[in-house]
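This is what each chain is made of:
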Amino acid sequence: MNDFPVEEIPSLLLHTVPESAEFLAEKYRMPAEAAVLTQDAVLDLYAILADCLTTPVLVPQLESPHPDTGLLGRCWDFVERIVGHSSQYVSGAVYFEVLEQLLNADGLVEAAWPYMKDRTRARTVKMLNFYGVFVPGINRGQRAQ
């Protein structure tokens, strides 16, 4: 596993998905480049993933009839870098604030699937199976009774 320090994750988000900058700046009331260096950004990883990536950037692109494929690729590159992190804090944040959010609307898992990388796909399949959600072509779980 290629872990890196947890405190570098907010900066990695900003670098990989610069579209998150305005949401980071708004959340911390300072320029995004400064916000990602604060201790609050590390402690707020769940909120950062929800409020600065998933809700304002990722989900709208997945719901769009004409998504920015480059942006989606970069979003999932970021997720792939942290989904298998050895810290339960980090892996939990990805699970609850990114992957689980795909279950909130029909078609989001299917829309995300082509952009996901191997570790993210494997974690998504585990999540779907755990919740008893069957998505044709993605998991072999059975439809919940």
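One structure accompanies this document, and this report is about it. This is a predicted model, so every value here is computed, not measured.

What counts, and at which threshold
- Per chain, the residues get numbers from 1 upward, laid out in the order the sequence is written.
- Predicted model: local features are reported for residues with pLDDT of at least 70 only, side-chain atom pairs are reported and counted for 80 or more only, and whole-chain, interface and lining totals are derived from all residues.
- For the side-chain quantities, the full set of heavy atoms in the structure was used; hydrogens and water were omitted.
- By definition here, a salt bridge exists when the distance from a side-chain nitrogen of Lys or Arg to a carboxyl oxygen of Asp or Glu is within 4 Å.
- Numbering of helices and strands runs from the N terminus; a helix is a DSSP stretch of H or I covering at least four residues, while a strand is a stretch of E covering at least two.
- Whether a residue is buried, partly exposed or exposed follows from its accessible area with a 1.4 Å probe, protein chains only, as a fraction of its type maximum: under 20%, in between, or over 50%, in that order.
- Axis lines are fitted through C-alpha atoms, for helices just across the contact stretch, and the angle between N-to-C directions can take any value from 0 to 180 degrees.
- Oblique is the label for every angle not falling under 35 degrees (roughly parallel), over 145 degrees (roughly antiparallel), or within 65 to 115 degrees (roughly perpendicular).
- Crossings are assigned a handedness: left-handed for a near helix turned anticlockwise from the far helix by less than a right angle, right-handed for a clockwise turn.
- The contact definition used throughout considers only heavy atoms, calling two residues in contact when any of these lie within 4.5 Å.
- Any N or O atom pair separated by 3.5 Å or less is treated as a polar contact, with the protein-specific requirement of one donor-capable and one acceptor-capable atom, and with residues adjacent in sequence counted only for side-chain atom pairs.
- In these notes, a set of buried Ala, Val, Leu, Ile, Met, Phe, Trp, Tyr and Cys residues joined through side-chain atoms within 4.5 Å is what counts as a nonpolar core.

The next thing to look at is the pattern of salt bridges. For the coordinates displayed, the defined rule picks out four salt bridges. One salt bridge in this structure joins Lys 117 and Asp 77, with 2.9 Å as the shortest N-O distance. Of this pair, Lys 117 sits in the loop between α8 (108-112) and α9 (118-131) while Asp 77 sits in helix α6 (residues 69-83), placing them 40 residues apart in sequence. By relative accessible area, which is 33% here, Asp 77 ends up partly exposed. Measuring nitrogen to oxygen at the nearest pair gives 3.4 Å for the salt bridge that ties Glu 80 to Arg 119. Residue Glu 80 is located in helix α6, and its partner Arg 119 is located in helix α9; the two are separated by 39 residues in the primary sequence. Overall, the relative accessible area of 12% leaves Glu 80 in the buried class. On the basis of relative accessible area, Arg 119 is assigned to the partly exposed category, the value being 38%.

Let's shift gears to the packing of helix α5 (residues 45-63) against α6. The contact between α5 and α6 brings their axes to 10 Å, and the two run at 140°. Classified by the interaxial angle, the pair formed by α5 and α6 is oblique. Seen from above, α5 lies across α6 with left-handed handedness. Facing α5, whose interface residues are Leu 49, Leu 53, Val 57, Leu 58, Gln 61 and Leu 62, α6 presents Leu 71, Leu 72, Cys 75, Trp 76, Phe 78, Val 79 and Ile 82.

This part is about the environment of Thr 54. For Thr 54, the position within the fold is in helix α5. For the pair Thr 54 and Val 42, spaced 12 residues apart in the sequence, the C-alpha separation amounts to 17 Å. Once you skip the residues sitting within four places of it in the chain, Thr 54 turns out to touch Leu 49, Val 59, Pro 60, Glu 97, Val 98 and Gln 101. There is a polar contact of 2.7 Å between the side chain of Thr 54 and the backbone oxygen of Glu 97.

Here we take up the environment of Val 6. Structurally, Val 6 is set in the segment before α1 (9-16). Residues Val 6 and Leu 103, spaced 97 residues apart in sequence, show a C-alpha to C-alpha distance of 26 Å. The residues touching Val 6, leaving out its near neighbours within four places in the chain, are Val 42, His 85, Ser 87, Tyr 89 and Val 90.

The general pattern is negative phi for most residues beyond glycine and trans for most peptide bonds. The phi torsion at Arg 29 lies on the positive side, around 55°, for a residue other than glycine. As for its placement among the helices and strands, Arg 29 is situated in the loop between α2 (21-28) and α3 (32-35).

Right, let's talk about the nonpolar core for a bit. Residues Leu 49, Leu 53, Trp 76, Phe 78, Ile 82, Leu 99 and Leu 102 are the most contacted members of the largest nonpolar core, which totals 48 residues. Sorting elements by how many residues they give to this core places α5 first, with nine residues. Apart from the residues within four sequence positions on either side, Leu 102 is in contact with Leu 62, Trp 76, Leu 108, Val 109, Ala 112 and Met 116.

Coordinates in, geometry out; function isn't part of it.
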